[in-house]
Amino acid sequence: MTELVDSFRRTVKYMRVSLTDRCNLRCNYCMPAWGMHWMEKDTLLSYDEMIRVIELAAKRGVYKIRVTGGEPLVRKGAVDFIRRVGQVEGITEVAMTTNAILLKQYAQELYDAGLRHLNISLDSLNADKFAAITRGNQLERVWEGINEAIRIGFPSVKINCVAQKGTNDDEIADFVNLTRDMRIDMRFIEFMPVSDWENWRKRYIGIEEIQQRITEGVGELIPVYDGDVAAGPAENFRIPGYVGRVGFIHAISNHFCDTCNRVRLTADGKIRPCLFGKIEVDFREAIREGATDAELNDLFDEVLQIKPDAHNITMESPEKMLTSMTSIGG
Ligand code: SAM
Ligand code: SF4
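Peer 1: I'm lost on the site of ligand 1 in this one. Help?
Peer 2: Around ligand 1, a shell composed of 18 residues is seen, among which Tyr-29, Gly-70, Ser-121, Met-192 and Val-194 lie nearest. Interatomic distance of 2.9 Å between a backbone N/O atom of Gly-70 and a nitrogen atom of ligand 1. Take Glu-71: an N or O atom from its side chain is 3.3 Å from a nitrogen atom of ligand 1. Burial of ligand 1 by the protein chains amounts to 94% of its free accessible area of 540 Å². In terms of residue class, the shell around ligand 1 is made up of seven nonpolar, nine polar and two charged.

Take a look at the structure:
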């Protein structure tokens, strides 16, 4: 079976799978306060349908699956699904991105199901600010989830913080200082434009500025090379004497499109070759109309043909935004 090589000679090895567009938080940069126009239940891909797509992708070289959402843990049966993903031949890495609200409850089951890689979103260490950003007063539950994951012994716990000017940029040093004693990866992610271009430009803060603030306010950032070429877009560093690592994801300022090795399966069964832009290929309808594996493989080829070379978003570019992170999974 031929590998998933796109028209710019990039090989797709990694698929992010969104289980649901629903969420138990309403982060202000991700969802409007009043909620969303949710996907109808019967438009969501069933777990069996997702596994079929993953099996086909794995036969063509995809080895890493990240389960995301919306909030993946709000969909019933998520733990069992993760176990099934880990059993697919060829899948050697299963990861999850979660807001950790339900993590304390599910961490042990997830570990037992084979999950080892956890990315946890956390944008403030201050309870009031966390409540304002997420429109949910539950910072304590997030920490309970993080501590439980560490107690159980998840080998990879990453905390992802979307940095926003005037919101949480005064906490950059506090976040980095978590790595003094905690064996975690603290990662800063550039804020991406979702629904409000002007607001985005005011709140956007680039990785270079974040790094400068860290070197001035905390200490030198020593590059760490762990030899994991497929680890993804983060660049990792360590503050001398600290046990954890600090990473940076330059989604905008220095995008990593030329090495992009991923596609995204949305909760309603479309494959998106790029986080930005609305191009997608509908697998759900094909599956429900009885497509054969060969026909679904043709759809994968279509995805490869339309995968763009780069998103080309800059502060100066004409307005160009993501549709919604909740259905695509970030
Ligand atoms: N609910 C889970 C969570 O929050 O971790 C998984 C889904 S969430 C859409 C995945 C990631 O997308 C989160 O780390 C979130 O911070 C990030 N995200 C959402 N909107 C974003 C934006 N406008 N810019 C940058 N990252 C964003
Ligand atoms: Fe929910 Fe994650 Fe979006 Fe926040 S970022 S609203 S937790 S899906």
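There's plenty left to go through after this.
Peer 1: Can you help me understand the site of ligand 2 in this one?
Peer 2: Inspection of the region around ligand 2 gives Cys-23, Leu-25, Cys-27, Cys-30, Gly-70 and Asn-99 as its neighbouring residues. For the shell around ligand 2, the residue count by class is four nonpolar, two polar and no charged.

Peer 1: Just checking my understanding: could you explain the pairing of strand β5 (residues 156-163) for this structure?
Peer 2: Consecutive side chains along a regular strand alternate between the two faces of the sheet. Of all the eight residues making up β5, eight are buried; the element is thus mostly covered by neighbouring parts of the structure. Residues of β5 alternate between two faces, with Ser-156, Lys-158, Asn-160 and Val-162 on one and Val-157, Ile-159, Cys-161 and Ala-163 on the opposite face, all of them buried. Sheet analysis places strand β4 (residues 117-121) next to β5, joined by five bridges and oriented parallel. Looking across to β5, one finds that Asn-119 is bridged to Lys-158.

Peer 1: In this structure, what is going on with the sheet that holds β4? I would like to understand it.
Peer 2: Note: strands within a sheet are paired through backbone hydrogen bonds, in either parallel or antiparallel orientation. The strand order β7-β8-β9-β6-β5-β4-β3-β2-β1-β10-β11-β12 describes an open sheet built from 12 strands, whose pairing is mixed. The sheet terminates laterally at β7 (222-223) and β12 (281-282), the two strands that pair on one side only. When strand β10 (residues 262-265) meets strand β11 (residues 270-272), the two strands line up antiparallel, connected through two bridges. Bridge pairing in β11 links Arg-264 to Arg-272.

Peer 1: When you look at helix α8 (residues 207-217) in this model, what are you seeing that I'm missing?
Peer 2: The periodicity of an α-helix, 3.6 residues per turn, causes residues three or four positions apart to be oriented the same way. Turning to α8, its buried residues are Ile-207, Ile-210, Gln-211 and Ile-214. Across the axial projection of α8, the buried residues extend over an arc of 100°, all falling on one side. Opposite the packed face of α8, turned more than 90 degrees from it, sit the exposed residues Glu-208, Glu-216 and Gly-217.

Peer 1: Looking at this model, I keep getting lost on the pattern of salt bridges. Mind explaining?
Peer 2: Pairing between side chains of opposite charge can happen when the charged atoms of each approach one another. Across all of its chains, the model carries 19 salt bridges by this definition. As a salt-bridge pair, Asp-6 and Arg-10 come within 2.7 Å of each other at their nearest N and O atoms. Judged by relative accessible area, which is 5%, Asp-6 ranks as buried. One salt bridge in this structure joins Asp-268 and Lys-270, with 3.4 Å as the shortest N-O distance. Each of Lys-165, Asp-169, Glu-209 and Arg-213 takes part in a single network of salt bridges with overlapping partners.

Peer 1: What am I meant to see in the environment of Gly-290 here?
Peer 2: For Gly-290, the position within the fold is in the loop between α9 (283-288) and α10 (293-306). Since its relative accessible area comes to 52%, Gly-290 is described here as exposed. Placed 137 residues apart in sequence, Gly-290 and Gly-153 show a C-alpha to C-alpha distance of 43 Å.

What counts, and where the lines are drawn
- Residues numbered from 1 in each chain as written.
- Chains lettered and ligands numbered in written order.
- Predicted model: local features only at pLDDT ≥ 70, side-chain atom pairs only at ≥ 80, totals over all residues.
- Heavy atoms only, no water.
- Near = heavy atom within 4 Å.
- Polar contact = N/O pair within 3.5 Å; in protein donor to acceptor, adjacent residues only side chain to side chain.
- Areas by Shrake-Rupley, 256 points an atom, 1.4 Å probe, with all protein chains shown as cover.
- Nonpolar A, V, L, I, M, F, W, Y, C, P; charged D, E, K, R; others polar.
- Buried < 20%, exposed > 50% of the residue type's maximum accessible area, 1.4 Å probe, protein only.
- Helix = DSSP H or I, 4+ residues; strand = E, 2+ residues; numbered from the N terminus.
- Pairing = 2+ DSSP bridges.
- Arc of directions from axis to C-beta.
- Salt bridge = Lys/Arg side-chain N within 4 Å of Asp/Glu carboxyl O.

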